[in-house]
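The chain contents come next:
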Amino acid sequence: MPGWPAGPLGSSGPMIDTRLLLDDFEVTAARLARKKVDPALPEAARDLARRRREQVRRVDEARSAMNAGSARVGALMRAGRRAEADDLRAELASRRAEVDELEATLREIGAELDDVVLRIPNLPADDVPDGAGEEDNVVLRTHGFDPSVYAGAKWAPHWEVAERLGIFDAERAAKLSGGMFSVLRGDGARLLRALVTFALDLNRDHYEEILPPHLVRTETISRTGHLTKFDTQAYRVRDDDLWLVPTAEVPLMGLHQGEILPEAGLPRRYMAYTVCWRREAGAAGKDTRGLQRVHEFHKVELVKLCKPEDGEAELEALLADAERPLQILGLPYRVVLLCAGDLTFSASKVYDLEVYAPGVDKWLEVSSISLVTDFQARRGQIRFRREGGGVEFVHSLNGSGLATPRVWAAILELGQQPDGTVRLPAALAPYLGRDAIG
RNA sequence: GGAGGGAUGGCAGAGCGGCCGAAUGCGAGGCUCUUGAAAAGCCUUGGGAGGCGACUCCCCGGGGGUUCGAAUCCCUCUCCCUCCGCCA
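Model, not experiment: these values are computed from the prediction.

Thresholds applied
- Residues numbered from 1 in each chain as written.
- Chains lettered and ligands numbered in written order.
- Predicted model: local features only at pLDDT ≥ 70, side-chain atom pairs only at ≥ 80, totals over all residues.
- Heavy atoms only, no water.
- Domains from an automatic or database assignment.
- Contact = heavy atoms within 4.5 Å.
- Buried area = accessible area lost by both parts, 1.4 Å probe.
- Nonpolar A, V, L, I, M, F, W, Y, C, P; charged D, E, K, R; others polar.
- Pairing = 2+ DSSP bridges.
- Helix = DSSP H or I, 4+ residues; strand = E, 2+ residues; numbered from the N terminus.
- Salt bridge = Lys/Arg side-chain N within 4 Å of Asp/Glu carboxyl O.
- 1 Å grid on protein atoms, 1.4 Å probe; cavity = no way out; pocket = protein on both sides within 12 Å on 5 of 7 lines; lining within 4 Å.
- Points joined across faces, edges and corners; volume = space filled by probe spheres on them.
- Axes fitted to C-alpha atoms, helices over the stretch in contact; angles between N-to-C directions.
- Near = heavy atom within 4 Å.
- Polar contact = N/O pair within 3.5 Å; in protein donor to acceptor, adjacent residues only side chain to side chain.

S.K.: Honestly, the domain arrangement of chain A in this entry has me stumped. Any pointers?
M.R.: Often the size quoted for an interface is simply the accessible area lost on bringing the parts together. Looking at the assigned domains, one finds that chain A contains domain 1 (18–117) and domain 2 (134–437). Computed over C-alpha atoms, the centres of domain 1 and domain 2 are 43 Å apart. The partner domain 2 presents seven residues to the four residues of domain 1 that form the contact. Together domain 1 and domain 2 conceal approximately 390 Å² of surface at their shared face, both sides included; 46% is due to carbon and sulfur atoms. Contact with domain 2 buries surface across domain 1, with R34, K35 and D115 losing the most and accounting together for 85% of the total. Here the side of domain 1 that touches domain 2 is built from residues that sort into no nonpolar, no polar and four charged.

Below is the structure:
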């Protein structure tokens, strides 16, 4: 079913409900302020939304008059009163011009409103802590991390470990595709495949596994908020109107775009393993060594659609689902609650999961568990029908179920042995048929 | 890639440019009848915007055009079906 109704503004990108700006401006502006939004933005949006509403009324009135006149022409024609019909017709032609003019103005206001609204992020949840940026995030808990184990000892970075074992070939990857690409070999390739299968198997009872296309339309990707003036992360296929998915979240969220789901069908829980492509524009020189940041990687993504009142509970459950593989693999990690100022554009509340990698001595972000509320659903027109009647937007959530190559890299750094081999998590033995590489 | 046909409400399926947001059937919900159920009968049953409300406006795959007026005519895009070609 191609072609779903355009959003209220007929624009691209996710957006907040302008009605919040119209009906509850003070509270909404205060919440946006916590996200470090320029206060001029919500004010401008409110003013434009008002102007737009007024203009809609003018257009409707003019059109109503037009429609009534046209109906009268029809009636006159049927009555055989030709001359009168012709007179009225001539008169209506000029009214037509009037309507066209009013509509043009409406479009202008709409475009201006669009321009402002698209820069307004989702509202932060009330229980998200205040803060300006990364430094104000809150580490909620740390799991399986004993700093004394890593103090002093010599831990090689994963690229050294991997190249020594011959399972990672950065040089040939560069030859094939350039920097920030990878070639995995032998047990390295198998380890990655094992991680993916392990994660899918782990969640098979709670999520429906989807194998989606890796190329999506402009329409699909822009309605998830991953293609905006400000987001140039995705690769475009040159000769077709298609984009390589930067995350499986894009096709998964796209699944129900334009649909009205039955309440009984919620929540929907989907998972998908896909390759992910990201241009990483603007990240030049950051984490370029090894596999912390690459243009092409493999990931199992979890996505949920639920009723608004279930969002919080689903978020906690999603967090648990993302932690489980790290626990079973025995990786030291911590749970970070992002402060309002560090929240991503579309999210209202986010937990980051970070695995400790001793070789680079860093906490690597391996999952970002996000509650998006109705922000994406509004843009994608994903709704549900209450059993008692009434149609509302669903709330959406997403997070990585398991993200390579960072988990892959962490396993290599954490498992390294004095003899140069790498001990692998026992949970992967069924997939690899061994417990060590080298 | 080439040739042709199609897209209408939850589904099926009508719709001479005005009386069509849209017949009819099915499905769903409510009511009547009934001890209960079935059958039968009556009524309701898409989404969005605005208004206290009467009500008004927009949407018949998407976008654009012709016209006083478009589900209906024209252009274009997308998708689906049939046939031919190619192919893992």
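S.K.: It is not clear to me how the sheet that holds strand β5 (residues 242–244) should be interpreted in this structure. Could you clarify?
M.R.: Paired through backbone hydrogen bonds, the strands of a sheet run either parallel or antiparallel to each other. If you walk across this open sheet you meet the three strands as β3-β5-β4, and the pairing is antiparallel. Here the strands that pair on one side only, and so sit at the sheet edges, are β3 (215–217) and β4 (236–237).

S.K.: Hey, could you run me through the pattern of salt bridges in this one?
M.R.: Note on pairing: side chains with opposite charge can pair once their charged atoms come close. Under the criterion given, the structure shown has 28 salt bridges. Note that E323 and R141 form a salt bridge whose closest N and O atoms lie 2.4 Å from each other. Of this pair, E323 sits in helix α11 (residues 311–329) while R141 sits in strand β1 (residues 138–143), and the two are 182 residues apart along the sequence. In this structure, the salt-bridge partner of E309 is R386, at a minimum N-O distance of 2.8 Å. With E309 in the loop between β8 (296–306) and α11 and R386 in the loop between β12 (383–385) and β13 (391–393), this pair connects stretches of sequence that are 77 residues apart.

S.K.: What should I look at first to understand empty space enclosed by the protein in this one?
M.R.: Scanning the entire structure with this criterion turns up one cavity of 30 Å³ or more. Its volume calculated, the largest cavity comes out at about 50 Å³. Forming the walls of the largest cavity are A322, P325, L326, L353, V366, S367, S400, G401, L402, A403 and V407. If one sorts the elements of the lining of the largest cavity by residue count, strand β14 (residues 395–403) sits on top with four residues. Partitioned by chemical class, the residues of the lining of the largest cavity number eight nonpolar, three polar and no charged.

S.K.: What is the right way to read the sheet that holds strand β6 (residues 260–262) from this model?
M.R.: As summarised here, the arrangement of the three strands in space is β6-β12-β13, forming an open sheet in which the pairing is mixed. At either end of the open sheet lies a strand with only one pairing partner, and these are β6 and β13. Taken over all neighbouring pairs, the strand axes of this sheet differ in orientation by 35 degrees on average, direction set aside. Alignment of β6 against β12, held across three bridges, turns out to be parallel.

S.K.: Looking at this structure, I do not really get the environment of A40. What am I missing?
M.R.: Note on placement: A40 falls in helix α3 (residues 40–78). For the pair A40 and P325, spaced 285 residues apart in sequence, the C-alpha to C-alpha distance is 44 Å.

S.K.: Please clarify how the environment of R185 should be interpreted in this entry.
M.R.: With respect to the helices and strands, R185 occurs in the loop between α7 (170–177) and α8 (186–202). Spatially, the C-alpha atoms of R185 and L165 are 9.6 Å apart, while their sequence positions differ by 20 residues. Setting aside residues up to four positions removed in sequence, R185 forms contacts with G166, I167, D169 and R172.

S.K.: Explain the protein's contact with RNA strand B to me, please; I cannot follow it from the model alone.
M.R.: As a structural note, the neighbourhood of RNA strand B is formed by 22 residues, with R19, D60, S70, R89 and R385 the closest of them. For RNA strand B, the fraction of atoms within 4 Å of the protein that belong to sugar or phosphate moieties is 76%. Between RNA strand B and the protein, one listed contact pairs a phosphate oxygen with a side-chain N or O atom of N67 at 3.3 Å. For RNA strand B, a sugar or linking oxygen lies 3.0 Å from a polar atom in the side chain of R217. Put simply, the parts of the chain that give the surface near RNA strand B at least two residues each are α3, α4 (82–117) and β12. Ranked by residue count, the leading element in the surface near RNA strand B is α3, at 11 residues.

S.K.: Got a minute to help me understand unusual backbone geometry in this structure?
M.R.: Among all residues except glycine, the phi angle is most often negative; among peptide bonds, the trans geometry is most common. Residue P267 is bonded to the preceding L266 through a cis peptide linkage, with omega at -5 degrees. Within the element layout of this structure, P267 appears in the loop between β6 and β7 (268–277). Going from T404 to P405, the amide bond is cis rather than trans, its omega being 5 degrees. On the secondary structure map, P405 appears in the loop between β14 and α13 (406–415). Phi is positive for M180, which is not a glycine, with a value near 60 degrees. Relative to the elements of secondary structure, M180 occurs in the loop between α7 and α8. One non-glycine residue, D361, lies in the positive phi region at around 50 degrees.

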